Amino acid sequence: MHIRSDLITTINEAQHRQRAIDSAMMVMENLRDQLDPQMKGWMPTGASGDTMPLEVAIDPSRLREESKRAFYQEPYGRVVIRNMVKFIIGSGTIINWAEKEENKLKTILAWWKKSAKSIKWFSFQREYVTRFFRDGEVFVRKFATEDGSLKLRFIDPALIADDDIVTDPQDVQTVISYKIRVSGQEPEVVSAAEIHHLKNADANMKRGRPILEAILPYIAKYKKWLEARMVLNIVRASVAIVKEVQGTSTDLLRLANKQKANDRGKDSDRTKMMQPGSIIQGTPGVKYSMLSPNLDAKDASEDGRTIQLAMASGVGFPDTFITADFSKANFASSVIAQNPAIREFEDGQQVIAEGITEIIDWILLDGIEKREIAAGAKLDYEMGFPPLLKRDLAQETAAHETMHNNRVISRATWQIKSGLDPDSEDRKIEEDELSIMNKPPEVQQPKTEQPPKRVDDRKPRQTTVGNEHKKQIRLKLLPQKATEKDITDGTLRNYEVEYEVIQPGQSTDLPGDQAA
């Protein structure tokens, strides 16, 4: 109690000092505008606002509000939270049930499918991770509805004050109850058994801290730096031509009035602006000079990049994850730069798994109480996440196959590492196998044997003998015709044959395969 009272006193003093500083700055700005009206609207260097006020850094509620504002309004605040959600939860968690008995497993899967549809499980996981990193903590309350179904609802951390978290006097980590304060209603005390609370903080702290806490000052610095650069560029580029008039002040006034616009309203003193392609006619005693903006953007870009690197290091990201600029990165450098971020995401997955496991246990126990899940069914399960990075599929498959064949990993682990649901895939494989087994066999059409070709069915070949005498044999099949088989197996040996000598230049018709 003594330490708490000192802390409250320190906070009150800090708030009083900050209010005094703000009042003094407002008085100085008003006095400056009165003394020098031309400086009205300009941002003096050294103004407050580029660092986090002390009361914001101390008060968790103010810190949460500032983190929410950065998430919704600042691009760098939003990209950090969105990257954490997309890499950690991805397409949703994967559950591998330990129960393998078919009938009991069917009851678990049926109840889980029904509950996941009612809760909108994917959207629930996505919001769960978003709240955890954006607010630094997440509260989930379970309700028993009139029809008996389980209802889960998120609780805004602003509805629960630090004093409203009642813990064991001897152990701050053992929570007894929470008090929820809704505007216009009486505070409601809820048992800790009905509220799930996961916080991003040390175990002995009651409240969590947003992940953006470390980079909120740098987000403000970068925004002010960017605004200053834009103002500077606009001012430097606003004056394009300087007209130098040689003569008296009367001559200068005459030329200035000549350039006035002929408007009838209050803005009749506006000076005409040259249009693109205008031709300037020289006037004696007048000299035109073109001005160069001289932006020095190269030096300024290093300042902006330094702030971006500070934001990236504050959340454990490579700078490309913050800036979304991959123009200067190649594959090798990207893989090396991603390693620290991958470890950051893996750490976040383990923390989120501890929290979501408690929610899944609520759903399963609710199914047991309603007797939707078979008695004696194993409620153990293994929860996994989709792969963080898309690697070479063929290379990963070969590596997993080697580990599976060497009994290093199971098939279920292989499926989880590939981002697949083992139970769902096993059912689909069984269905495919059953469909193949039950598929009627294809009717084989009987082949019609073609009758063997006979020798006399072949087309005769015209053969012309050259100058030399060549012996040609003509088969004379007696007393019947022969087939190809008869010729090949030597059946014709006993047949009578005759031959004749073909004279040079004589043409004769011979069967194609029987000229020797």
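If you're wondering where the values come from, they're calculated on a predicted model, not measured in any experiment. (Residues numbered from 1 in each chain as written. Predicted model: local features only at pLDDT ≥ 70, side-chain atom pairs only at ≥ 80, totals over all residues. Heavy atoms only, no water.)

## Let's talk about the confidence of the model for the chain
In low-pLDDT regions, the fine details of the predicted coordinates are not to be read closely. Operational definition: For every residue, the pLDDT score states the predictor's confidence, bounded by 0 at the bottom and 100 at the top. Between two residues, a contact is recorded if the distance between any of their heavy atoms is within 4.5 Å.
Per-chain confidence: the chain averages 75 in pLDDT, with 61% of residues scoring 70 or above. Overall, residues 494–502 carries pLDDT values under 50, and its contacts beyond four positions in sequence, including any with other chains, amount to 22 contacts.

## Focus: the pattern of salt bridges
Short version of the rule: Salt bridge, as used here: a side-chain nitrogen of Lys or Arg that lies within 4 Å of a carboxyl oxygen of Asp or Glu. For the purposes of this entry, the term helix denotes a DSSP run of H or I that reaches at least four residues, the term strand denotes a run of E that reaches at least two, and both are numbered from the N terminus. Using a 1.4 Å probe on the protein chains alone, a residue whose accessible area is under 20% of its type maximum counts as buried, one over 50% counts as exposed, and one in between counts as partly exposed.
The full count for this structure, using the stated rule, is 15 salt bridges. Between E66 and R69 there is a salt bridge whose closest N-O contact spans 2.9 Å. Of this pair, E66 and R69 both sit in helix α3 (residues 60–73), 3 residues apart, which is roughly one turn of the helix. Residue classification places E66 among the partly exposed residues on the basis of a relative accessible area of 28%. Notably, a salt bridge pairs K370 with D366, separated by 2.4 Å at the nearest N-O pair. Classification of D366 by relative accessible area gives buried; the value is 9%.

## Topic: the packing of helix α4 (residues 75–88) against helix α6 (residues 121–135)
When two helices pack together, their arrangement is given by the angle between their axes and by how far apart the axes lie. Put simply, the test is: For helices, the axis comes from a line fit to the C-alpha atoms of the stretch in contact; other axes are also lines fit to C-alpha atoms, and the angle between any two N-to-C directions lies between 0 and 180 degrees. Orientation categories follow fixed angle ranges, with anything under 35 degrees roughly parallel, anything over 145 roughly antiparallel, 65 to 115 roughly perpendicular, and all other angles oblique. Crossings are sorted by hand: turned counterclockwise from the far helix by less than a right angle, the near helix makes the crossing left-handed, and turned clockwise it makes it right-handed.
Where α4 contacts α6, the axes come no closer than 9 Å and their chain directions differ by 140°. By the criterion of interaxial angle, the relationship of α4 to α6 is oblique. The chirality of how α4 crosses α6 is right-handed. Here I81, R82, M84, V85 and I88 of α4 lie close against α6, whose contacting residues are R126, V129, T130, F133 and R134.

## Digging into the packing of aromatic side chains
Stated precisely, the cut-off is as follows: The rule is short: rings of Phe, Tyr and Trp, with Trp giving its six-membered ring, pair when the centres are within 6.5 Å, and they are stacked under 30 degrees, edge-to-face over 60, tilted in between. For a ring to carry a charge above it, either NZ of a lysine or CZ of an arginine must fall within 6 Å of the ring centroid while also lying within 35 degrees of the normal to the ring plane.
Counting across every chain of the model gives 16 aromatic pairs. Where W112 meets W121, the ring centres are 5.2 Å apart and the plane angle is 75°; that geometry is what we call edge-to-face. With relative accessibility at 10%, the residue W121 sits in the buried group. Ring plane angle 85° and centroid distance 5.0 Å describe the contact between F132 and F133, whose orientation is recorded as edge-to-face. Overall, the relative accessible area of 2% leaves F132 in the buried class. Using a relative accessible area of 6% as the deciding quantity, one classes F133 as buried. By the ring-pair criterion, three or more aromatic residues cluster together here, those being W97, W112, W121, F124, Y128, F154 and Y381. Across from the ring centre of F71, 4.8 Å away, lies the NZ or CZ of R78, which sits over that ring. When the ring centre of F143 is taken as reference, the NZ or CZ atom of K151 above it lies at 5.6 Å.

## A few points about the side chain of D366
Which entries qualify depends on this criterion: Pairs of N or O atoms are called polar contacts if they sit within 3.5 Å, as long as, within protein, a hydrogen donor faces a hydrogen acceptor (for residues adjacent in sequence, only side-chain-to-side-chain pairs).
Mapped onto the elements, D366 comes out in helix α11 (residues 331–369). Within the local environment of D366, its side chain forms a polar contact with the side chain of K370, the two groups lying 2.4 Å apart.

## Some remarks on the packing of α3 against α6
So the rule is basically this: Each residue receives one of three labels: charged for Asp, Glu, Lys and Arg, nonpolar for Ala, Val, Leu, Ile, Met, Phe, Trp, Tyr, Cys and Pro, and polar for the others, Gly being one of them.
Running from N to C, α3 and α6 cross one another at 120°; their axes reach a closest spacing of 9 Å. By the angle between their axes, α3 is oblique relative to α6. For the pair α3 and α6, contact is made by R64, S67, K68, F71 and Y72 and by T130, R134 and D135, respectively. A breakdown of the residues in the contact of α3 with α6 according to their chemical character gives 2 nonpolar, 2 polar and 4 charged.

## Digging into the sheet that holds strand β2 (residues 137–144)
Put simply, the rule reads: We treat two strands as partners when DSSP finds at least two bridges between them.
Sheet architecture is open: 3 strands sit in the order β3-β2-β7, paired in antiparallel fashion. Every interior strand has two partners, whereas the edge strands, β3 (150–155) and β7 (195–199), have only one. Strand-to-strand twist across the sheet, computed as the mean angle between neighbouring axes with direction ignored, equals 20°. Relative to β7, β2 runs antiparallel, the two sharing 5 bridges. The residue of β7 that forms the bridge with F139 is H197.

## Let's talk about unusual backbone geometry
Notably, K120 is not glycine yet its phi reads approximately 60°, a positive angle. Mapping K120 onto the fold places it in the loop between α5 (102–119) and α6. We note that R371 has phi near 60°; this positive angle belongs to a residue other than glycine. Mapped onto the secondary structure, R371 falls in the loop between α11 and β10 (381–384).

## Regarding a negative patch on the surface
The test is simple: To count toward a patch, a residue needs a relative accessible area above 30% and no salt bridge. Like charges then connect within 9 Å, nonpolar side chains (Val, Leu, Ile, Met, Phe, Trp, Tyr) within 5 Å. Areas reported as accessible are Shrake-Rupley estimates using a 1.4 Å probe. Residue values count occlusion only from the protein chains shown. By the counting rule applied here, Lys and Arg register as positive and Asp and Glu as negative, while His and the ends of each chain are not counted. Charge positions come from single atoms, namely NZ of Lys, CZ of Arg, CG of Asp or CD of Glu.
Negative charge collects at one region of the surface, where E430, E431, D432 and E433 lie side by side. Following the sequence through the fold, E433 ends up in helix α14 (residues 422–437).

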